[in-house]
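Listed below are the residues making up each chain.
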Amino acid sequence: MTTSNLAPVKSTVARTAGRNGAPPKRGRIRGRFAPYLFAAPAVVLYVVFMLIPVLYAIWLSLRAYRLQSGGTFGRRVEVFVGLENYTAVLSDPELLASFGRMAVYGIIAVPLTLGLALLFALLLDVPAVRAKRFSRTAIFIPYAVPGVVAALMWGFMYLPSTSPFSYISEQMGFGTIPFLEGNALFGSLANIAIWGGVGFNMIIIYTSLRGIPAELYEAARLDGANEFQIALRVKVPLVGPAIVLTTVFALIGTLQLYGEPMTLKPMTNDISQTWAPLMTIYRDAFLTDNLPAAAASSTLLALGTVALSLIILGIVNRKKFGERA
Amino acid sequence: MRSRRLIAAGAILALTGGLTACSAESRGGSDGPVTLTFWGWGVGYEDVIAEWNEANPDIQVEHTDAGGGDDSSAKLLTAARAGNAPDVALVEYTTLPAMIVADVPLDITEYVGDAEDAFTEGTWDQTRFDGAVYAIPQDVGPMALTYRQDRLEEMGLAVPTTWEEFGEVARGVKANDPNSVLTSLPPSELGFYAGVAAQAGSEWWSLEDGVWTVGIADEASLEVADFFEGLVKEGAISTEPLLTPEYNAKLNDGTMLSWPAGIWASGVFYGVAPDTAGNWAMAPLPQWTPGDAKVAYQGGSGMIVTKESEHPEEAAEFAKWFNASEDGNELLLSSRQVYPASIVGQEMAASSEPPALMPQQTTFYEEAAAISAETIPVTWGPNVNLAKMVFEDRLNKAIADGTPWRDAFIATQEAVVDDMKTSGYEVSND
């Protein structure tokens, strides 16, 4: 918005100034300041709520609470320790293991969420489909359910004595289903994210589908393509940017995995305090009073997120250029 | 042109105006009645605060529930560092040393020294360190066994008095009804394991001449680990998490038969299974040595005055009235529904009605007083929270992988010792 508005404003200023016979210098100065003025709110918000906290976190990550004598126990005071926190964090096998668990979760959750979202979007876009508005809303509604509520609700459906699924399997003589134990945990957690995320991603892809000009379908039909071929050969490539966008969102969402395991944690012994990286950060920051270590892990996680996003965008861009060439 | 300038000026004004408005608000007037902010969890504060505020128009108290013990202490640390801690806060005995080390509570010896006589020495020592008092005890949780009287009787099983018998009763329950289980003792309950280890003579933290010794993996504790590992491995007791929808369903249908924990367990159970009231009873905690009567505290909390409080004297006054006076203790019993830490409160309790979960056990509070008289003094270290986290994760992993429990105890001790050494404490462990 800022950039598009600037050009006309500037020219008006110059023109008015010239016509009134006022020194053109004044107008130019004003014109020079205008962009900064318009950009100011965004810049101020960015600096106050983004840049300063980030720098503060980095500063904190170089410090630690150390004992100083005084009183019975002594007092812990903040001192500068350089990169000590980073070495401690990087040599913690539990943190690495938590990244592994997050990766397994991501490998299950991301493709299934995007695959289902794309499938539903394509199905809804088929002209013959009825009750479109209803289906769209029905698929989207889980996204409107707050994450914690969703996790709690699924938690009830997973626990043996409250689970309808376990009830059915027990009636059939198979015993209860151990949703929250061992490796099944990954699927159970991913399921909550998929259930909540498909609707949102579907809407993005569906909106992108609606923006494709109808002439293209007509041309494809004249060429003898059926609905399935149109979907695969015309629609999917054209909603590519939307799929890239949702993939990046889903990956970042995976790196922020926290709500579901944290909510289910009290229900099972198999989710440890350090199950996901963000849970470790929370534990360090607020439960074991080691804010500097939490700051160090956060910095590393943020760097990892940026790197991963850049890699994905890089791959996508290279592919695009490759196609063009 | 003019209008653009106006807009710009307006925008700047709006921005700076917002900032000044904020800072003006936070600077309260110093004259007039003093307002104290107070953080505490649990029930029944409305009555307490209302009564105090009516009697003390010059010292008004505002109560906030900042979450249970763990959450509240985490927030308190953060708030104190950020410079906006409340004047008064409830803190668990287990986290009080961590708070002192982080410089949160004020040394209130000069304000509350006269309240010392209201408490037994063992209780006062939970909040007094090296002669300095950092909190006024509010409630205590001497350990006891809360159990399903009707189901044990129906199975013909006697209430266990030793842990050996406890194991036999657990097996008996399984033999009578495979769907029922005597108890669940999950790794999240560090307080339980620390308590029974203290019963066995272990000191998880001790401080002598400025040097700490950590005993989480001493011989007594490891034997405790072996004992409960044995019961869990043979399937006599479980380690499922407490108070989940699953666990609560078992409480309600009478298949979870006991909870060895602080005496407050009856209140917790009544909250989730009120329909089972009358089927429960409380008995002294089983012992390692037959004939012993010693138990540890599990849970319990005291009220601190924070270093940041601008009115420490008034804050201490409020804490003293709440926890050491007769009026305050009446409210602790009737509204807060906790087992008071003070002598006067415990005497009052002896003549009051039993908890709602066991209305038939009319001697409940007399028995509680007898248990409370035999508590073991326990020293908590400056990093109990870390111990709790590591213990829970390691023991859960040991149970899942089928590895020895004692390894989890040893790993916890190592982590605790490492953390203390990194922080700069002198620790006698290798």
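This one's a predicted model, so the numbers in the text were calculated from it and none came from an experiment.

Colleague: Teacher, can you tell me more about the overall build of chain B here?
Modeller: A tally of regular secondary structure across chain B gives 18 helices and 11 strands. Computed over C-alpha atoms, the radius of gyration of chain B comes to 24 Å, within 12% of the 22 Å expected from 2.2 N^0.38 for 430 residues, which places it in the range of a compact globule. Counting only C-alpha atoms, chain B reaches 90 × 55 × 50 Å along its principal axes. Out of the 430 residues in chain B, the part that is buried amounts to 48%. The contacts of chain B with a sequence gap of at least 6 include a subset with a gap of at least 24, amounting to 74%.

Colleague: Whenever I open this one, the nonpolar core confuses me. Can you help?
Modeller: Proteins that are soluble and globular tend to have nonpolar side chains buried together. With 132 residues, the main nonpolar core has Val88(B), Ala89(B), Met303(B), Phe318(B) and Ala319(B) as its most contacted residues. Discounting chain neighbours no more than four positions away, the residues touching Phe318(B) are Leu36(B), Trp52(B), Ile59(B), Val61(B) and Val88(B).

Colleague: Sorry, what's going on with the pairing of strand β2 (residues 59-64) of chain B here?
Modeller: Moving residue by residue along a regular strand, the side chains alternate between the two faces of the sheet. Residue and element names in this part refer to chain B. Looking at chain direction, strand β1 (residues 34-39) and β2 are connected through six bridges and run parallel. Its bridge partner being in β2, Phe38 is matched across the sheet by His63. Following the chain from β1 across helix α2 (residues 45-55) to the adjacent parallel β2, one finds a crossover that is right-handed.

Colleague: What should I look at first to understand the interface of chain A and chain B in this one?
Modeller: Interface size, as often reported, equals the accessible area lost upon joining of the parts. The interface of chain A with chain B comprises 28 residues on the first partner and 34 residues on the second. Among the secondary structure elements, those contributing two or more residues to the side of chain A that touches chain B are β1 (63-68), β2 (75-80) and α13 (277-287) of chain A. Looking at side-chain class alone, the side of chain A that touches chain B contains 11 nonpolar, 11 polar and six charged residues.

Colleague: Quick question: what am I supposed to make of unusual backbone geometry here?
Modeller: Peptide bonds are, in most cases, trans, and in most cases residues other than glycine have a negative phi. Residues and elements named next belong to chain A. Phi is positive for Ala131, which is not a glycine, with a value near 50 degrees. Checked against the element boundaries, Ala131 lands in the loop between α4 (93-125) and α5 (132-144). A tally of 10 C-beta atoms within 10 Å means that Ala131 is categorised as exposed.

Colleague: For this particular structure, what's the right way to read the domain arrangement of chain B?
Modeller: Residue and element names in this part refer to chain B. Examined at the domain level, chain B breaks down into domain 1 (33-140 + 300-371) and domain 2 (141-297 + 377-423). A C-alpha centroid distance of 26 Å is found between domain 1 and domain 2. Of the residues lining the interface, 24 residues belong to domain 1; the matching set on domain 2 comes to 24 residues. The biggest single contributor to the side of domain 1 that touches domain 2 is helix α16 (residues 364-372), with four residues.

Colleague: Looking at this structure, how should I read the confidence of the model for chain A?
Modeller: Should pLDDT be low for a region, the predicted coordinates there are not to be read in detail. When the pLDDT values of chain A are averaged, the result is 86; 88% of them are 70 or greater. Within the model, the stretch residues 1-19 of chain A combines pLDDT values under 50 with 18 contacts to residues more than four positions away or in other chains.

Colleague: Before we go on, may I ask you to explain the confidence of the model for chain B in this structure?
Modeller: Residue and element names in this part refer to chain B. Across chain B, the average pLDDT comes to 89, with 93% of residues at 70 or higher. Contacts from residues 1-30, a stretch scored under 50 in pLDDT, to residues over four places away or in other chains number one contact. Confidence estimates for the predicted assembly give a pTM of 0.84 and an ipTM of 0.78.

Colleague: Help me understand helix α17 (residues 384-401) of chain B, please; the structure alone is not making it clear to me.
Modeller: Since one α-helical turn is 3.6 residues long, residues separated by three or four positions face the same way. The end-to-end C-alpha distance of α17(B), which contains 18 residues, comes to 25 Å, matching closely the 26 Å that a straight helix rising 1.5 Å per residue would cover. The element α17(B) is extensively covered by neighbouring structure, given that 14 of its 18 residues are classed as buried.

Colleague: I'm lost on the environment of Ala294(A) in this one. Help?
Modeller: All names here are of chain A. Tracing the backbone through its elements, the reader meets Ala294 in helix α14 (residues 291-324). Sequence-wise, Ala294 and Leu60 are 234 residues apart; in three dimensions their C-alpha atoms are separated by 9.0 Å. Dropping the residues within four chain positions of it, Ala294 is found in contact with Ile281, Asp284 and Ala285.

Cut-offs and rules
- Residues numbered from 1 in each chain as written.
- Chains lettered and ligands numbered in written order.
- Predicted model: local features only at pLDDT ≥ 70, side-chain atom pairs only at ≥ 80, totals over all residues.
- Helix = DSSP H or I, 4+ residues; strand = E, 2+ residues; numbered from the N terminus.
- Rg over C-alpha atoms; globule rule 2.2 N^0.38 Å.
- Buried ≥ 20, exposed ≤ 12 C-beta atoms within 10 Å, placed from the backbone.
- Contact = placed C-beta atoms within 7 Å.
- Core = buried A, V, L, I, M, F, W, Y, C linked by C-beta atoms within 7 Å.
- Pairing = 2+ DSSP bridges.
- Right-handed = clockwise from strand over helix to strand, strands pointing away.
- Nonpolar A, V, L, I, M, F, W, Y, C, P; charged D, E, K, R; others polar.
- Domains from an automatic or database assignment.
- pLDDT = per-residue confidence, 0-100.
- Expected span 1.5 Å × (residues − 1).

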